[in-house]
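Survey of secondary and tertiary structure
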Amino acid sequence: MLAIFKREMRSYFTTSIGYIFLASALAIAAIIFSVSTVLSETADASVYFSGLIFVLMIFLPILTMKSFSEEKRTKTEQLLLTAPVSTTQMVLGKFFSSFTMLVIFLVLSSIFFIPLSSYVAEGASGANTALVMGNMMALLLVGMCFIAIGLLVSSLTENQFAAIVITVVALLLLFLINLFNGFIEVYAIRVVLDWLSIYARYDKFTYGIFDIGALIYYISITGVFLFLTVRVFEARKYN
């Protein structure tokens, strides 16, 4: 698994993918941050964190699009399947490489909070440490679900553009499920849709509340999509 992880991390920075992801995502995040805090003369970063969800929704598929699609397109997939690592280790290696890039992005984006110190020093009210950490935790959890979904989509197609589009559409549909769930009158349907929506459990973390149930849910959802990705390759390996 470590070999796959190192290989993927190296590929992010020997090609343009890693740079495109970090530069583009940080640029959009900086614009959202400036408009929602500095230009609005407020230290409240809640709008910024809400916008960051959509940044991840659009840009994380850039990381996952090449994970398996590129292997299929360049005919190197068989080398991976016959490598001295299990299918699970192969999938986890690619997952943790994308997750590491997500962590790097969030760490770099935390620099944006430095300009807010002047507003807080002047007595402006803003997000406290618990709220910031809660939002960061929520973004990590939701982001790892995005990555797991993207890996599954990438394993099903060799077209990288199609992998991006399908992943973004899938994430948008999950968002719409949460958005319109409140308008459904049938309780049983609401319960099912609430379980399917990975956004429904996001709010508690944004208020600085650590929800162990939500943590287990996000880990479980990530595990389900990674398991499905493993099954795709195991079926391909033995057929």
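These figures come from a predicted structure and were not determined experimentally.

Basis of the calculations
Residues numbered from 1 in each chain as written. Predicted model: local features only at pLDDT ≥ 70, side-chain atom pairs only at ≥ 80, totals over all residues. Heavy atoms only, no water. Axes fitted to C-alpha atoms, helices over the stretch in contact; angles between N-to-C directions. Helix = DSSP H or I, 4+ residues; strand = E, 2+ residues; numbered from the N terminus. Left-handed = near helix turned anticlockwise from the far one by under 90°. Contact = heavy atoms within 4.5 Å. Nonpolar A, V, L, I, M, F, W, Y, C, P; charged D, E, K, R; others polar. Phe/Tyr/Trp six-rings, centres within 6.5 Å; stacked < 30°, edge-to-face > 60°. Buried < 20%, exposed > 50% of the residue type's maximum accessible area, 1.4 Å probe, protein only. Expected span 1.5 Å × (residues − 1). Arc of directions from axis to C-beta. Core = buried A, V, L, I, M, F, W, Y, C linked by side-chain atoms within 4.5 Å. Salt bridge = Lys/Arg side-chain N within 4 Å of Asp/Glu carboxyl O. pLDDT = per-residue confidence, 0-100.

This part takes up the packing of helix α5 (residues 87-109) against helix α7 (residues 129-156). Viewed as axis vectors pointing N to C, α5 and α7 meet at an angle of 145°, and their least axial separation amounts to 10 Å. Viewed along their axes, α5 and α7 form a crossing whose handedness is right-handed. Two secondary-structure elements touch here, α5 through Val 91, Lys 94, Phe 95, Ser 98, Phe 99, Leu 102, Val 103, Leu 106 and Ser 109 and α7 through Met 136, Leu 139, Leu 140, Gly 143, Met 144, Ile 147, Ala 148 and Leu 151. Its residues assigned to classes, the contact of α5 with α7 comprises 13 nonpolar, 3 polar and 1 charged.

To describe a pair of aromatic rings, one takes the distance between the centres and the angle between the planes. This structure, assessed with the given rule, holds 15 aromatic pairs. When the centroid spacing of 6.1 Å and the interplanar angle of 15° are considered together, the rings of Phe 95 and Phe 99 count as stacked. Here Phe 95 and its partner Phe 99 are both found in helix α5, 4 residues apart, which amounts to about one turn of the helix. In terms of burial, Phe 95 and Phe 99 fall into one category: buried. Centroid distance Phe 175 to Tyr 199: 5.4 Å. Interplanar angle 85°. Geometry classified as edge-to-face. Remark: Tyr 199 occurs in the loop between α9 (187-196) and α10 (203-206) and Phe 175 occurs in helix α8 (residues 160-180); sequence separation between them is 24 residues. One aromatic cluster is present, built from ring pairs that chain together Phe 33, Tyr 48, Phe 49, Phe 112 and Phe 113.

With 13 residues, helix α1 (residues 2-14) should reach 18 Å at 1.5 Å per residue; the first-to-last C-alpha distance of 18 Å fits that figure. Every buried residue of α1 is listed here: Ile 4, Glu 8, Met 9, Ser 11 and Tyr 12. Considered in projection along α1, the buried side chains sweep an arc of 160° and stay on one side of the axis. Looking at α1, the residues exposed on the side facing more than 90 degrees away from the buried face are Leu 2, Ala 3, Arg 10 and Thr 14.

Generally speaking, nonpolar side chains in soluble globular proteins are found buried as a group. In terms of nonpolar packing, the biggest core is built from 62 residues, with Phe 49, Phe 105 and Tyr 218 touching the most fellow members. Of all the secondary structure elements, the ones that give two or more residues to this core are α1, α2 (17-38), α3 (46-73), α5, α7, α8 and α11 (212-237). Top contributing element to this core by residue count: α7, with 14 residues. When near neighbours in sequence (up to four residues on either side) are disregarded, Phe 105 contacts Phe 21, Leu 22, Ala 25, Leu 26, Ala 29, Leu 52, Val 55 and Leu 56.

Another point: the pattern of salt bridges. With the rule as written, the count across this model stands at 3 salt bridges. With its nearest N and O atoms 3.2 Å apart, the salt bridge here joins Arg 7 to Glu 8. A residue is classified by how much of its surface remains accessible, and Arg 7, at 35% relative accessible area, is partly exposed. Between Lys 94 and Glu 8 there is a salt bridge, with its nearest N and O atoms 2.7 Å apart. With Lys 94 in helix α5 and Glu 8 in helix α1, this pair connects stretches of sequence that are 86 residues apart. Here Lys 94 falls in the buried class, since its relative accessible area comes to 0%.

A residue-level look at the protein finds 86% of positions with pLDDT of 70 or above and a mean pLDDT of 82. Mean pLDDT across the elements of the protein bottoms out in helix α6 (residues 116-121) (57) and peaks in α5 (92).

The subject of this paragraph is the side chain of Thr 229. Mapped onto the fold, Thr 229 is located in helix α11. We classify Thr 229 as buried; its relative accessible area is 0%. Once you skip the residues sitting within four places of it in the chain, Thr 229 turns out to touch Phe 68, Val 91, Ala 148, Leu 151, Leu 152 and Ser 155.

Residue position: Ser 50 is located in helix α3. Measuring from C-alpha to C-alpha, the distance between Ser 50 and Asn 135 comes to 9.0 Å, with 85 residues separating the pair along the chain.

This part is about the packing of α2 against α5. For the pair α2 and α5, interaxial distance at closest approach is 10 Å and the crossing angle is 35°. Classified by chirality, the crossing of α5 by α2 is right-handed. Facing Gly 18, Phe 21, Leu 22, Ala 25, Leu 26 and Ala 29 of α2, the residues of α5 in contact are Met 101, Ile 104, Phe 105, Leu 108 and Ser 109. For the contact of α2 with α5, a count of residues per class yields 9 nonpolar, 2 polar and no charged.

The subject of this paragraph is α7. Taking 1.5 Å per residue as the helical rise, α7 with its 28 residues ought to reach 40 Å, and the 41 Å between its terminal C-alpha atoms agrees with that figure. Most of α7 is tucked away: 21 of the 28 residues are buried.

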